[in-house]
Amino acid sequence: MATSVSKQEDSPSSPKDADSDAPKPIANKNWPEPVVASSMSSIFSMLTEKKPERKLKRPRRDPKTIERANLLNICKLVIKELLDSSLSHGRMLDDEHVPLQQFFVVLEHVLRHGIKPRKGLLRDKKDFWCVLEMVEKLVPEASEISTSVRDMPHIKTPLGRARAWLRLATMQKTLADYFKVLMEKKDVVLSEFYDPGAMMIEDEGMVIAGLLVGLNVIDCNICVKEEDLDQPMGVIDFSLYLKDSRLHDQSPDEDSAEGKSKMATILDQKNYLEELNRHLNATVTNLQQKMETAQTTNALMKEDLAISKNTILTLQEENAALQAQKSSLLQDAQKQMEANKQDIETERETYQTSRAGLDEMYGDMKKRLDEETQTRLDVEKELELQIGMKQEMEMALRILEKDIHEKQDTMISLRKQLEEIKTINLELYQKLQSCDQSLKHKTELVTKLEDKTTQLVTTLKDMEKRLKQADSDKIAAEETARKLGQVIADKDCKRTALETDLRIEREWRGTLQKTLDQEKEATAQLQAEYTQIKEVEKDYKSLQKMHQSLQETCEEQERTLAELGSHLSESKLKVEDMREASQATKEAAWMSDKDASQCSSCNKEFSIARRKHHCRNCGEIFCNECSDNKMPLPSSAKPVRVCDTCQTLLLQRYSSAGNKA
């Protein structure tokens, strides 16, 4: 029995074993060995031996288990509310965000649960700053946070230092890792600071460490220097989680709008699901280890049952031997009474004392049998509890397998979607090639039309020159006509004056008539040229109309070419966006915070002052100086954080798209 007790103490204790006060089997080193003696002295020595006293305790309900369960449920609610609010309001949260404040209040309650008080002048103090200082010894990287907290002049109390430490760890996304280290070494480190049954020592602490892994998706911007961290401990506000279900009954249109707005966060949730999958794998391994330990404890309990049965059989044999000894002693006493009447009184006294001792031994043996039966019942109850835990573990494993199958199905559907996108890209590329060929044909037609327009322009210029010459000739002819009119008027006057001299001047009249005929012929020629000029003007007007119609056709063709170019640029932009989306899904991997210790651009080491930031385009980690840019991406409706190299590439792409448009 001694070996069974030591094995049970070495085995890992479950929460039910820690809370139950059931009696454990006691080692039988002080039990009397079976003796067959004929003398009375051996009987007196057996009767005078002291038997170990045992007290039965009834199992009672432990209030610490209720406190742990309530705190764990509150932690789940607070972390769920924090993740939902970060998805709806944006991933960057500041110190005025109410769910973030409630998260720190609940975390303080978790760390203070079951902590050993330190003695002070006025009252005992319950501070968990000493627990957080132990993280520096286990993880050397945490020394930066602790030294920066100690150097803050406005923080004077250990509670304020602990609050500042928690806020800095959440900003650096290392709080879950530090909690995990504390949980792994809780038997060595936390037993000094916490009472048995505290939340940090029990299995609920591992559950909280797993819940904190989900907060690595959130970016926090908390100003520790301006916040009063020395104030007393806050109270949990349950009004945030007691919401009316009728207020959330929305129309299907609003639900669809919310679904479309949440589609932008699917890529980031993919990384969160991967981290959660890793955490689930780790929990599965832990549960398997616990199953193995439970099986070993079950085997040990079976061994203890067999040992207790053996002890019961030995006790029954000892009882039978004692009864046989009792009968033999009675016979010897009667013979001695007949033989020695003088020693009757002494024999009677010895007989009475021996009988009383045997009765006491019989009562003790009966008590021991009752105790052994009680221990056997307790062991059977514990076996039933272990079997129930085993069934729960099997159900949890089945649920995990279902989740893994569902995730594999989603991965297959995503791959199919990628293949469909590839086929669409090929079709768009073929359309682009056909559009390029039509563009080439239309550019050739445009060049031919431009040559024709240049020829028409040269002919129009020649016609304008001819028109100018005709105008100048017309003006000269009009001047000559005026001069001739004046001459005719003068000659008519002379004719009236010189009618008498007509006869004398007939010869001069013939010459004058000849000159007049010549002048009439010149005027007729001028009139013919004038009619020709009118016909040339009509031709010029018709040519102008033809030129206008050709210009209109050229403008319409230029418009169609511009529209085709805009459609081509839009299709090219869509193809480039699709290629970028496909490349982003294939190549842009979200780098984890553990893999990056320095900036990917300037190669500067990260610290508390120089924080880590993800580029939403390439997924790598940069400092604030190298990623202080915001650009719209196809995968997000709002402008998001982008590194310098991705900003230059996106600006070049958008500027080229604008020039083409």
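Keep in mind that what you see is a predicted model, and the values were worked out from it rather than measured.

*Asks:* Explain the overall build of the protein chain to me, please; I cannot follow it from the model alone.
*Replies:* From N to C terminus, the protein chain includes 16 helices and six strands. Counting only residues that meet the buried cut, the protein chain has 27% of its 661 residues in that class. Considering only residue pairs separated by 6 or more positions, the protein chain has 71% of its internal contacts joining residues 24 or more positions apart. Carbon and sulfur atoms make up 53% of the accessible area of the protein chain, which amounts to about 44,800 Å² in all.

*Asks:* Would you mind going over the pattern of salt bridges with me for this structure?
*Replies:* Should their charged atoms come close, side chains of opposite charge can pair. This structure, assessed with the given rule, holds ten salt bridges. The partner of Arg 163 in a salt bridge is Glu 108, and the shortest N-O contact between them spans 2.8 Å. Here Arg 163 is found in helix 8 (residues 158-171), whereas its partner Glu 108 is found in helix 5 (residues 98-112), with 55 residues between them in sequence. Both residues of the pair, Arg 163 and Glu 108, belong to the buried class. Note that Asp 219 and Arg 616 form a salt bridge whose closest N and O atoms lie 3.3 Å from each other. With Asp 219 in strand 2 (residues 219-221) and Arg 616 in the loop between strand 3 (613-614) and strand 4 (621-622), this pair connects stretches of sequence that are 397 residues apart.

*Asks:* Help me out: how do you make sense of a negative patch on the surface in this one?
*Replies:* Where like charges cluster on the molecular surface, the negative patch consists of Glu 450, Asp 451, Glu 552, Glu 555, Glu 556 and Glu 558. Residue assignment for the negative patch shows that the elements contributing at least two residues are helix 14 (344-497) and helix 15 (506-586). Top element by residues in the negative patch is helix 15. It accounts for four residues. With respect to the helices and strands, the residue Glu 552 is situated in helix 15.

*Asks:* Would you explain the packing of aromatic side chains in this entry?
*Replies:* The geometry of an aromatic ring pair is captured by two quantities: the separation of the ring centres and the angle between the planes. Scanning the model with the defined rule gives two aromatic pairs in all. Centre to centre, the rings of Trp 165 and Tyr 178 are 5.6 Å apart; their planes meet at 40°, and the pair counts as tilted. Pair noted here: Trp 165 is in helix 8 and Tyr 178 is in helix 9 (residues 175-184), with a separation of 13 residues, a long-range link. Here Trp 165 matches Tyr 178 in class, with each residue buried.

*Asks:* Please clarify how unusual backbone geometry should be interpreted in this entry.
*Replies:* Glycine aside, residues mostly have negative phi, and peptide bonds are mostly found in the trans state. Notably, Lys 173 is not glycine yet its phi reads approximately 60°, a positive angle. Mapped onto the secondary structure, Lys 173 falls in the loop between helix 8 and helix 9. Judged by relative accessible area, which is 11%, Lys 173 ranks as buried. Within the chain, Asn 603 stands out as a residue other than glycine whose phi angle is a positive 60°.

*Asks:* What's the story with the packing of helix 4 (residues 63-89) against helix 5 in this structure? I'm lost.
*Replies:* Each packed pair of helices is defined by two parameters, the angle between the axes and the distance between the axes. Taken N-terminus to C-terminus, the directions of helix 4 and helix 5 make an angle of 155°; their axes are 9 Å apart at the nearest point. By the angle class used here, helix 4 and helix 5 are roughly antiparallel. Where helix 4 crosses over helix 5, the handedness of that crossing is left-handed. Together, Leu 71, Ile 74, Cys 75, Val 78, Ile 79, Glu 81, Leu 82 and Ser 85 of helix 4 and Pro 99, Leu 100, Gln 102, Phe 103, Val 106, His 109 and Val 110 of helix 5 make up the contact between the two elements. Across the contact of helix 4 with helix 5, the residue classes tally to eleven nonpolar, three polar and one charged.

*Asks:* How should I be thinking about a positive patch on the surface in this particular structure?
*Replies:* Together, Lys 474, Lys 534, Lys 538, Lys 541 and Lys 545 give the surface a local cluster of positive charge. Assignment of secondary structure puts Lys 541 in helix 15. Judged by its relative accessible area of 54%, Lys 541 falls in the exposed class.

*Asks:* Sorry if this is basic, but what is going on with helix 8 here?
*Replies:* Along an α-helix, a turn takes 3.6 residues, which lines up residues three or four apart on a common side. For helix 8, which comprises 14 residues, the first-to-last C-alpha distance of 20 Å matches the rise-based estimate of 20 Å (1.5 Å per residue) to within 8%. Of all 14 residues in helix 8, twelve are buried, a share of seventy percent or more. Residues Leu 159, Gly 160, Ala 162, Arg 163, Ala 164, Trp 165, Leu 166, Arg 167, Leu 168, Ala 169, Thr 170 and Met 171 constitute the buried set of helix 8. In this structure, the buried residues of helix 8 make contact with helix 5, helix 6 (129-138), helix 7 (143-150), helix 9 and strand 2. Once helix 8 finishes, Lys 173 follows within two positions and takes phi at roughly 60°, a positive value.

*Asks:* I'm lost on the confidence of the model for the protein chain in this one. Help?
*Replies:* Detailed reading of the predicted coordinates is not advisable wherever pLDDT falls low. On average, the protein chain scores 78 in pLDDT, and the residues at 70 or more come to 81%. Strand 4 holds the highest mean pLDDT among the elements of the protein chain, 91, whereas helix 1 (residues 2-10) holds the lowest, 37. Counting contacts from residues 243-251, a segment whose pLDDT is below 50, to residues more than four positions away or on other chains yields four contacts.

*Asks:* So what exactly am I meant to see when it comes to the nonpolar core here?
*Replies:* Side chains of a nonpolar character, in soluble globular proteins, are inclined to be buried together. Counting 64 residues, the largest nonpolar core has Phe 103, Trp 165, Leu 166, Leu 175, Leu 190, Tyr 194 and Leu 212 as its most contacted members. If we ignore the near neighbours within four places in the chain, the residues touching Phe 103 are Val 78, Ile 79, Leu 82, Thr 170, Leu 175, Leu 212 and Leu 215. If you look at the next biggest cluster of nonpolar residues, it comprises 15 residues, including Cys 599, Phe 606, Cys 623 and Cys 643.

*Asks:* Explanation requested: the side chain of Arg 641 in the structure shown.
*Replies:* Mapped onto the elements of the fold, Arg 641 is located in strand 6 (residues 640-642). A distance of 3.3 Å separates polar atoms of two side chains, one belonging to Arg 641 and the other to Asn 624. Polar side-chain contacts of Arg 641 include one of 2.9 Å to the backbone oxygen of Ser 627. Not counting chain neighbours up to four residues away, the residues in contact with Arg 641 comprise His 613, His 614, Cys 615, Arg 616, Asn 624, Ser 627, Asp 628, Asn 629 and Lys 630.

Definitions and limits used
Starting afresh in each chain, residues are numbered from 1 along the sequence in its written order. Where local features are concerned, this predicted model is filtered to residues with pLDDT of at least 70; where side-chain atom pairs are given and counted, the filter is 80 or more; whole-chain, interface and lining totals use all residues. Only hydrogens and water are set aside; all other atoms, that is, all heavy atoms of the structure, feed into the side-chain values. Elements are defined by DSSP. Helices are runs of H or I of four residues or more, strands are runs of E of two residues or more, and each kind is numbered from the N terminus. Throughout this description, buried means an accessible area under 20% of the type-specific maximum (1.4 Å probe, protein chains only), exposed means over 50%, and partly exposed covers the range between. We call two residues in contact whenever any of their non-hydrogen atoms come within 4.5 Å of each other. For every accessible area listed, the method is Shrake-Rupley and the probe measures 1.4 Å; residues are considered covered only by the protein chains on display. What makes a salt bridge here is a side-chain nitrogen of Lys or Arg within 4 Å of a carboxyl oxygen of Asp or Glu, nothing more. Patches in this entry comprise residues that are over 30% relatively accessible and not in a salt bridge; like charges within 9 Å are linked, as are nonpolar side chains (Val, Leu, Ile, Met, Phe, Trp, Tyr) within 5 Å. His is not counted, nor are the chain ends, whereas Lys and Arg count as positive and Asp and Glu as negative. Lys charges are placed at NZ, Arg charges at CZ, Asp charges at CG and Glu charges at CD. Geometry of aromatic contacts follows a simple scheme: Phe, Tyr and Trp rings, the Trp one being its six-membered ring, pair when their centres are within 6.5 Å, and the pair is stacked under 30 degrees between planes, edge-to-face over 60, tilted otherwise. Inter-axis angles, ranging from 0 to 180 degrees, are taken between N-to-C directions of lines fitted to C-alpha atoms, where helices are fitted over the stretch in contact. The cut-offs work like this: below 35 degrees is roughly parallel, past 145 is roughly antiparallel, 65 to 115 is roughly perpendicular, and the gaps in between are oblique. Handedness of a crossing follows from how the near helix is turned relative to the far one, being left-handed for an anticlockwise turn of less than a right angle and right-handed for a clockwise one. Charged means Asp, Glu, Lys or Arg here, nonpolar means Ala, Val, Leu, Ile, Met, Phe, Trp, Tyr, Cys or Pro, and polar covers whatever is left, Gly included. By definition here, a helix of n residues has an expected span of 1.5 Å times n minus one. The pLDDT value expresses, per residue, how confident the predictor is, ranging between 0 and 100. To form a nonpolar core, buried Ala, Val, Leu, Ile, Met, Phe, Trp, Tyr and Cys residues must be joined to one another through side-chain atoms within 4.5 Å. Each polar contact in these results corresponds to two N or O atoms within 3.5 Å; when the atoms are within protein, one needs to be able to donate a hydrogen and the other to accept it, and residues that are neighboring in sequence are counted only if both atoms are side-chain atoms.

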